[in-house]
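Geometric and topological summary
Chain by chain, the residues run as shown.
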Amino acid sequence: MQSPASRFSSHATVMVARCAFALFGLGTAALVALPSAAHAQASVLLKNQQAGAVVETVDRDAREILLREDNGHLLTVEYGSAVKDLPHMHEGDHLRISYVETLGAQIAPPGSPMPESTLTTARGFVHGHPRGVIAAFNRERATVKTIDLKTHTLSFVTDDGSLHVTVLRTQAMQDFLATLKVGDVVDITRMESISYVITSKVVPQPQAATPQLAVPAGDVVSAAPAGQ
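Residues numbered from 1 in each chain as written. Predicted model: local features only at pLDDT ≥ 70, side-chain atom pairs only at ≥ 80, totals over all residues. Heavy atoms only, no water.

1. A few points about the overall build of the protein
- The secondary structure content of the protein amounts to two helices and ten strands.
- The linear arrangement of helices and strands in the protein, starting from the amino end, is α-β-β-β-β-β-β-β-β-β-α-β.
- Looking at the protein residue by residue over its 228 residues, the buried ones come to 37%.
- Taking as baseline every contact in the protein between residues at least 6 positions apart, the subset at least 24 positions apart corresponds to 70%.
- Only carbon and sulfur atoms are counted for the fraction: they give 55% of the accessible area of the protein, which is about 12900 Å². (Helix = DSSP H or I, 4+ residues; strand = E, 2+ residues; numbered from the N terminus. Buried < 20%, exposed > 50% of the residue type's maximum accessible area, 1.4 Å probe, protein only. Contact = heavy atoms within 4.5 Å. Areas by Shrake-Rupley, 256 points an atom, 1.4 Å probe, with all protein chains shown as cover.)

2. Some points on the side chain of serine 195
- By the secondary structure assignment, serine 195 is in strand β10 (residues 185-198).
- Ignoring sequence-local partners within four residues, the contact set of serine 195 consists of Arg96, Ile97, Ser98, Arg131, Gly132 and Val133.

3. Notes on the pairing of β10
- Along β10, twelve of the 14 residues are buried, which leaves the element largely enclosed by surrounding structure.
- In this structure, strand β5 (residues 94-107) lies alongside β10, joined through 13 bridges in antiparallel fashion. When the bridges of β10 are listed, isoleucine 107 appears paired with valine 186.
- Pairing analysis gives 13 bridges linking strand β7 (residues 129-148) to β10, with the strands arranged antiparallel. Bridging from a neighbouring strand, arginine 141 pairs with aspartate 187 of β10. (Pairing = 2+ DSSP bridges.)

4. Things to note about the nonpolar core
- Core analysis: the largest hydrophobic core is formed by 18 residues, its most contacted members being Phe176, Leu180 and Val186.
- Among the elements of the structure, β2 (41-59), β5, β7, β8 (153-158), α2 (171-178) and β10 are those that each provide at least two residues to this core.
- Considering each element in turn, this core owes the most residues, four residues, to α2. (Core = buried A, V, L, I, M, F, W, Y, C linked by side-chain atoms within 4.5 Å.)

5. Thoughts on the environment of glutamate 140
- With respect to the helices and strands, the residue glutamate 140 is situated in strand β7.
- With 25 residues separating them in the primary sequence, glutamate 140 and proline 115 have C-alpha atoms 6.1 Å apart.

6. Overview of the pattern of salt bridges
- Under the counting rule described, the total for this entry stands at seven salt bridges.
- Close ionic contact of lysine 201 with aspartate 93 constitutes a salt bridge, the shortest N to O distance being 3.3 Å. Here lysine 201 is found in the segment after β10, whereas its partner aspartate 93 is found in the loop between β4 (74-78) and β5, with 108 residues between them in sequence.
- For lysine 201, a relative accessible area of 25% translates into the label partly exposed.
- Of the charged contacts in the structure, one is a salt bridge between aspartate 187 and arginine 141, with a shortest N-O distance of 2.7 Å. (Salt bridge = Lys/Arg side-chain N within 4 Å of Asp/Glu carboxyl O.)

7. What to know about the side chain of threonine 102
- As for its position among the elements, threonine 102 is in strand β5.
- Excluding anything up to four places from it in sequence, threonine 102 contacts Val44, Leu45, Leu46, Thr189, Arg190 and Met191.

Don't take any of this as a statement about function, it's just geometry.
Written out as structure tokens, the structure reads:
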């Protein structure tokens, strides 16, 4: 696994998607959704990886965690001040990590508001093991400048005025390209999600209370005499 979690730093809301179309051509991408005639869109699964790791160091002031994966690679998690509500980790904790990255594009409906990037965090338990989830949705809007269906080449301008040219290699994105025309406005969303389970810790879960039988009002419950 590369350094995915570093993307969830305090800059997680920066528009990473400005290079999104360049990544549409990854040959290992898996198709998630096909474009539809009514609302042209496409989504591609870029990564879906799992790994085990051990916490090497925890820097709470810098909000950084250094992990050593099972393969020996070091991974720095910069979770930033925007990340809340996550279980605390300590040196020596063993983790099971899951990382998912998707990339999607859809034609922006006329008059629709500018897309906004969001960051979501959550925590909970899996069979008593503490679990944390961070999901960043980085969104940006682009305007199509040129289209070449024969070479699957597309150029577009992002909101900052930058011009990008890319070749789309996956069938999903080539199908999406066929629905576009020059001047179309496209919303791009890159989702990166990392979740972890602290496998070396088990937190006792509250037990469900034993149900009590309700006694109708006015009735008296007494113990039966001995011998009966």
